[in-house]
Amino acid sequence: MSLRKIIHVDCDCFYAAIEMRDDPRLAGRPMAVGGSAERRGVIATCNYEARAYGVRSAMSSRHALKLCPDLLIVKPRFEAYREASREIHSIFREYTDLIEPLSLDEAYLDVSDSQWYAGSATRIAEDIRRRVARTLHITVSAGVAPNKFLAKIASDWRKPNGLFVITPGEVEAFVAALPVARLHGVGKVTAEKLTRLGIETCLQLRDWSRLALVREFGSFGERLWGLARGIDERVVHNDSRRQSVSVENTYDTDLPDLASCLARLPELLESLNTRIERMDASYRPDKPFVKVKFHDFTQTTLEQAGAGRDLDSYRQLLGQAFARGGKPVRLLGVGVRLRDLRGAHEQMELFPPQ
Ligand SMILES: [Mg+2]
């Protein structure tokens, strides 16, 4: 397998970060997103101030409040998190189409074939971090490595708001010093068993032959043998079909009125059309839509069945969308929903015309 460049991107305390962004009163004090203690809720995410008290994800809210009596627990707003996740993915897609989401706030990107920055994954990761911070006002950490398991460890290495790179030449030494408990797939039980066998680092694990590891751990022994040497050939899966294509821009200064929004439409449509042209023939552009995010982060999306993809249609949509808020605008997006012709084709094969 040729050398790959994998980036693992992971938002820092994602749900909590979105809540602090949307309500600055929450920032600078211990807070968490989760269920209420009275209802036996659990903590989904907490900020770093709360972590200083020992509060952690998946902990019961009741216990979290014992550790940190001042902890403020707010209810999750998943629609806001999904929306932020969509925005982050639209940034990812500028660099590669090979994206494998692990959750709303975590994804692997394979940028081996990316043309950006002369193929420098490190610079792509820095750029992604910068753009997410600038457009979404939250921070992400990233790890760059030749495979998934190392990229994921790397993104955790300088958290929060950090970047850590493991170049192919550094893999050997990095993995040697790595505690086995950090290997992908090693849970509590396996870690305990490894400790009993006197294995704590990957360097020690390398003393064991493939056969001996298979004897102790079954088929996972084979995997352990590879991981101890920094080998992980899992590919970045990207099997989700796209629902839409869009471009959006966050403006350095808010656009004060409809006229200034309309003035930005032609350039947005131009880049949208470039994107549409680059798509393969298995998609057909369908309904146009616009997205408007106002300065207070409220937003609206409006689409219109049967409308064309010309400037006039988008002007009308934008006019209506703007009227829903009537406030200064920080972000404008234009796009089209897609018809998946591949799906249609497969369905025809499943249900042949009578
Ligand atoms: Mg995260």
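The structure this text deals with has already been given above.
### Details of the nonpolar core
If you look at the biggest cluster of nonpolar residues, it comprises 36 residues, and the most contacted ones within it are I7, F14, I88, F92, L109, V132 and I138. Secondary-structure elements contributing two or more residues to this core are β1 (6-11), α1 (14-22), β2 (31-34), α4 (78-92), β6 (106-110), α5 (121-136) and β7 (140-145). Counting contributing residues per domain, this core is built from domain 1 (6-13 + 79-168) and domain 2 (19-76), each supplying no fewer than three. Ignoring any residue separated from it by four or fewer positions in sequence, one finds I7 in contact with A107, Y108, L109, V111, A121, I124, A125, A142, G143, V144 and A151. One finds V171, V180, L224 and V236 within the second-largest nonpolar core, a separate group that totals 29 residues.

### Quick look at the pairing of strand β10 (residues 283-294)
Pairing of β10 with strand β12 (residues 329-340), which is carried by 10 bridges, proceeds in the antiparallel orientation. From the neighbouring strand, P288 faces β12, where its bridge partner is V336. Following β10, the chain reverses through 4 residues before pairing antiparallel with strand β11 (residues 299-303); F297 in that reversal takes a positive phi of roughly 75 degrees.

### Quick notes on the coordination of the magnesium ion
Surrounding the magnesium ion are the protein donor atoms D10 (OD), C11 (O) and D105 (OD), which sit 2.2 to 2.5 Å from the metal. Classification of D105 by relative accessible area gives buried; the value is 17%.

### Observations regarding the packing of α4 against α5
Two numbers describe how α4 lies on α5: the axes approach to 10 Å, and their chain directions differ by 140 degrees. Comparing the axis directions of α4 and α5 gives the class oblique. For the crossing formed where α4 meets α5, the hand is right-handed. Of α5, the residues touching α4 (which contributes A84, E87, I88, I91 and F92) are I128, R131, V132, T135 and L136. Along the lines of polarity and charge, the residues of the contact of α4 with α5 split into 7 nonpolar, 1 polar and 2 charged.

### Some points on the packing of aromatic side chains
Each aromatic ring pair is characterised by the separation of its centres together with the angle its planes make. Taken as a whole, this structure holds 11 aromatic pairs when the rule is applied. A ring pair is formed by Y15 and F78, whose centres lie 5.6 Å apart and whose planes are at 90 degrees; its orientation type is edge-to-face. Here Y15 is found in helix α1, whereas its partner F78 is found in helix α4, with 63 residues between them in sequence. Given a relative accessible area of 18%, Y15 falls into the buried group.

### A few points about the sheet that holds β7
Spatial ordering of the open sheet is given by β5-β6-β1-β7-β8, a layout of 5 strands whose pairing is mixed. The open sheet has two edge strands with one neighbour each: β5 (99-103) and β8 (163-165). Each strand of the sheet is rotated relative to its neighbour by a mean of 15 degrees, with strand direction disregarded. Relative to β6, β5 runs antiparallel, the two being bridged by 4 bridges. Looking across to β6, one finds that P101 is bridged to A107. Sitting on the sheet, α5 is in contact with β1, β6, β7 and β8, with an inclination near 170 degrees to β7.

Rules used in this analysis
Residues numbered from 1 in each chain as written. Predicted model: local features only at pLDDT ≥ 70, side-chain atom pairs only at ≥ 80, totals over all residues. Heavy atoms only, no water. Core = buried A, V, L, I, M, F, W, Y, C linked by side-chain atoms within 4.5 Å. Buried < 20%, exposed > 50% of the residue type's maximum accessible area, 1.4 Å probe, protein only. Helix = DSSP H or I, 4+ residues; strand = E, 2+ residues; numbered from the N terminus. Domains from an automatic or database assignment. Contact = heavy atoms within 4.5 Å. Pairing = 2+ DSSP bridges. Donors = N, O, S within 2.8 Å, 3.2 Å for Na, K, Ca; no water. Axes fitted to C-alpha atoms, helices over the stretch in contact; angles between N-to-C directions. Parallel < 35°, antiparallel > 145°, perpendicular 65-115°, else oblique. Left-handed = near helix turned anticlockwise from the far one by under 90°. Nonpolar A, V, L, I, M, F, W, Y, C, P; charged D, E, K, R; others polar. Phe/Tyr/Trp six-rings, centres within 6.5 Å; stacked < 30°, edge-to-face > 60°.

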